[in-house]
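# Structural description and commentary
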Amino acid sequence: MGLNKEQIAQRIAKELQDGYYVNLGIGIPTLVANYIPEGVNVVLQSENGLLGMGPFPFEGEEDPDLINAGKQTITTLPGSVFFDSAMSFGMIRAGKVDLTVLGAMEVADNGDIANWKIPGKMVKGMGGAMDLVAAAKNIIVAMQHTNPKGESKLLHKCTLPLTGVKCIKKVVTDLGVFDITPDGFRCLEYAPGVTIDEIKAKTAGRLTIADDVKEIAL
Amino acid sequence: MNKVVANADEAIKDIESGMTLMLGGFGLCGIPENCIAALVRKGVNNLTCISNNAGVDDFGIGLLLQKKQVKKMISSYVGENAEFERQLLSGELEVELIPQGTLATRCMASGYGMPAVYLLAGVGTEVAEGKETRNFNGKDYLLEYAFDSDYAIVKAWKGDTMGNLVFKETARNFNPMMAMAGKITIAEVEELVPAGELDPNEIHTPGIYVRHIFQGSNYEKRIEQRTVRKRS
């Protein structure tokens, strides 16, 4: 039970506010763009050099010079603008991007994140993730609560090489919604069909449950 | 002043084995296809390549990797390339992975004549190991040095005989700051026009940064992830 990937994206989309500039990472975060609430206008930033990322092109209209940071063909929207990579990370570094959503392999209860390297296996690189987590004011992690072996990805301390330290504010998993607080993960919402006991059993890091904890509404 | 050369082979003729090259592009978007092919033909090796990615197995920098012409890659993301992985794991290839914004900014610093910059990315991670740090306003930053390269090779959409460049869409990416950063910069363009034909208001890279320019040919512009939506 718990949320599927689309539903995790749908829940994160409810965090979007009108006027936000948002950077969506690869994977579940990309799906957030499909659930932007009615009446909320956000501008999507793609760190390879675009503000105002539009949907995928219609078949036959793909443009090889127009891609997103996941190297997917995309389109522009009215008001879109292109820029170079230095300016792109300049605006990220200067705190102009309001919200960053990205995936993770591990998150620690102090806000540390690991998502770029598994020692001894293939190392693909960090891409823009280290720059984004170091600079963004507001970072939400979208991920599964446990890894394929069933082990918690919400830890007291990350075991993998870090991408950033004390930077994550919120985690949305298939099991629930969690803020990072001085006391560790704080469960604010649980997924339909998921019990607090299950969340406790599958969270290795420090965990508290909000007094007004409630079921996730999509 | 004569910046125009006939083709990629002429543009890269002085590039030698062991040199450090910057190569523009993000993924396969905006890469200098003609010059990469010419470097494969020339057979120079022991190259150090500064480029955001390393191409795919049979395209982009992947073509140089196939011929074992690259000694070291300095990149932010090198997935999607099995030959790269093989050479890395066997120790034939050195790789230095650095955050993408740091990569872009170290190029920028070079083009702006700044020896180093302080950046936040990677603080508290293995990227910070061995780097000088300094605290500004309560936060630690890493000292990151400008890149030193022998050549920068970039791809633009349009260029003129003065070396002025205009980029197209997201094919701009790393090209402008690499163009500024190279000790010698080579620009290949899809369309080369006489000076005066580009609107000076709309030029992205001033020709002062460009030593050699030529009109490329047979651009393949391969798409890495073809994503489309259905017409409703």
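Scroll up to find the structure this text is about.
Conventions and cut-offs
Residues numbered from 1 in each chain as written. Chains lettered and ligands numbered in written order. Predicted model: local features only at pLDDT ≥ 70, side-chain atom pairs only at ≥ 80, totals over all residues. Heavy atoms only, no water. Helix = DSSP H or I, 4+ residues; strand = E, 2+ residues; numbered from the N terminus. Rg over C-alpha atoms; globule rule 2.2 N^0.38 Å. Buried < 20%, exposed > 50% of the residue type's maximum accessible area, 1.4 Å probe, protein only. Contact = heavy atoms within 4.5 Å. Phe/Tyr/Trp six-rings, centres within 6.5 Å; stacked < 30°, edge-to-face > 60°. Lys NZ or Arg CZ within 6 Å of the ring centre and 35° of its normal. Core = buried A, V, L, I, M, F, W, Y, C linked by side-chain atoms within 4.5 Å.

Turning our attention to the overall build of chain A. A tally of regular secondary structure across chain A gives five helices and 13 strands. Taking 2.2 N^0.38 as the reference for a compact globule, 218 residues should give roughly 17 Å; the C-alpha atoms of chain A span a radius of gyration of 17 Å, in line with that estimate. Here chain A holds 218 residues, and 55% of them are scored as buried. For chain A, contacts bridging at least 24 residues in sequence account for 61% of all contacts bridging at least 6.

Turning our attention to the packing of aromatic side chains. Residue and element names in this part refer to chain B. Within this structure, the stated rule accounts for two aromatic pairs over all chains. Ring geometry for Y118 versus F136: centroids 5.0 Å apart, planes at 65°, classification edge-to-face. Within this pair, whereas Y118 is found in strand β5 (residues 116–119), its partner F136 is found in strand β6 (residues 133–136), the two being separated by 18 residues in sequence. Ring geometry for F136 versus Y141: centroids 5.6 Å apart, planes at 80°, classification edge-to-face. Assessed through its relative accessible area of 30%, F136 is described here as partly exposed. Grouped by ring-pair contacts, the aromatic residues Y118, F136 and Y141 constitute a single cluster. The cationic tip of K168 hangs over the ring face of W157; the distance from NZ or CZ to the ring centre is 5.7 Å.

Residues V107, V141, I168 and V171 of chain A are the most contacted members of the largest nonpolar core, which totals 47 residues. For V171 of chain A, the contacting residues outside a window of four places in its chain are V107, V141, M143, G176, V177, F178, I180 and F185 of chain A. Membership of the second largest hydrophobic core comes to 39 residues, among which are I15, C49, M73 and L93 of chain B.

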